[in-house]
Amino acid sequence: MTANEDRQFPDALAAAMAVRIECIGEDGVDFEPYECFLSADETTDWFRAWTGNTDVNGDEFRVFGQDGTGGYAAFWLVRPGRGLAQQPVVFLGSEGETGVVARDMGAFLWLLADGFGPWEAATSDEPEPDWAPQVNRDLAAVAERFAPNHRAPAAAIIEQAAHEFSDFDDTIEKLCR
């Protein structure tokens, strides 16, 4: 994938984000999807500001949404030669939180269906005191349509991603100034 590649969502992500837009404020999940990926320039501006490092760019990320404080959810383009759907989904929070939340788009669709957003999956902080994940049938239908072989509970998805990409936090921290 290149920095100038199309910024439109793949069909699976577009379908899930359309459902998520309808859920904002209703399910307690702190995730606001975009309608398309941030531009290359916007991503670079954000990543430089986030890391405090003017020598980096945002070419390794495709940002597709944020939490209420401005933390970003993105695909991390770390698997050479693989398409967007095979790249991990990460969260980079406004307060420096980082985490890989899903190994790929299929796993991410099931994470959403299980009632989690990127922030809830990446942090150990408690959301709202009475928050509990709620299965979303519409998101489950999207996941079943586009990723039937990736079905897993949110806890397993989060654990698998953290295990496979255990160096993510250190990789990002090394870029920070």
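One can find the structure itself at the top, above this paragraph.
Definitions and limits used
- Residues numbered from 1 in each chain as written.
- Predicted model: local features only at pLDDT ≥ 70, side-chain atom pairs only at ≥ 80, totals over all residues.
- Heavy atoms only, no water.
- Pairing = 2+ DSSP bridges.
- Helix = DSSP H or I, 4+ residues; strand = E, 2+ residues; numbered from the N terminus.
- Contact = heavy atoms within 4.5 Å.
- Axes fitted to C-alpha atoms, helices over the stretch in contact; angles between N-to-C directions.
- Core = buried A, V, L, I, M, F, W, Y, C linked by side-chain atoms within 4.5 Å.
- Buried < 20%, exposed > 50% of the residue type's maximum accessible area, 1.4 Å probe, protein only.
- Expected span 1.5 Å × (residues − 1).
- Arc of directions from axis to C-beta.
- Phe/Tyr/Trp six-rings, centres within 6.5 Å; stacked < 30°, edge-to-face > 60°.

Strand order in the open sheet formed by 5 strands is 1-2-3-4-5, and the pairing between neighbours is antiparallel. A strand with exactly one partner marks an edge of an open sheet, and here the two such strands are strand 1 (32-33) and strand 5 (98-102). Taken together, the 5 bridges between strand 2 (residues 61-66) and strand 3 (residues 72-76) define a ladder with antiparallel strand orientation. Residue Val-63 lies in a different strand from strand 3, and its bridge partner there is Ala-74. Packing of helix 7 (residues 168-175) onto the sheet brings it into contact with strand 2, strand 3, strand 4 (89-92) and strand 5, and relative to strand 5 it is tilted by some 140°.

The subject of this paragraph is the nonpolar core. In terms of nonpolar packing, the biggest core is built from 57 residues, with Leu-13, Met-17, Phe-61, Phe-64, Phe-75, Phe-108 and Leu-111 touching the most fellow members. In terms of residue count, helix 3 (residues 105-113) provides more of this core than any other element does, 8 residues in total. If sequence neighbours within four positions are ignored, Met-17 has contacts with Phe-9, Phe-31, Pro-33, Tyr-34, Phe-64, Phe-108 and Leu-112.

Relative to the 18 Å expected for 13 residues at 1.5 Å per residue, helix 1 (residues 11-23) spans 19 Å between its end C-alpha atoms, a close match to the ideal helical length. What helix 1 keeps buried is the set Ala-12, Leu-13, Ala-16, Met-17, Val-19, Arg-20 and Cys-23. Seen along its axis, helix 1 keeps its buried residues to an arc of 160°; they face one direction. Along helix 1, exposed side chains directed more than 90 degrees from the buried face belong to Asp-11 and Glu-22. For helix 1, the elements touching its buried residues are strand 1, strand 2, strand 3, helix 3 and helix 5 (137-146). At the exit of helix 1 stands Gly-25, carrying a positive phi of roughly 85°.

Right, let's talk about the packing of aromatic side chains for a bit. According to the stated counting rule, one finds 12 aromatic pairs in the structure shown. Look at Trp-76 and Phe-165: their rings are 6.0 Å apart centre to centre, the planes differ by 65°, and that puts the pair in the edge-to-face class. Of the two residues, Trp-76 sits in strand 3 while Phe-165 sits in the loop between helix 6 (154-164) and helix 7, which places them 89 residues apart along the sequence. Here a set of aromatic residues connected by ring pairs shows up, and it is made of Phe-9, Phe-31, Phe-37, Phe-64, Phe-75 and Phe-108.

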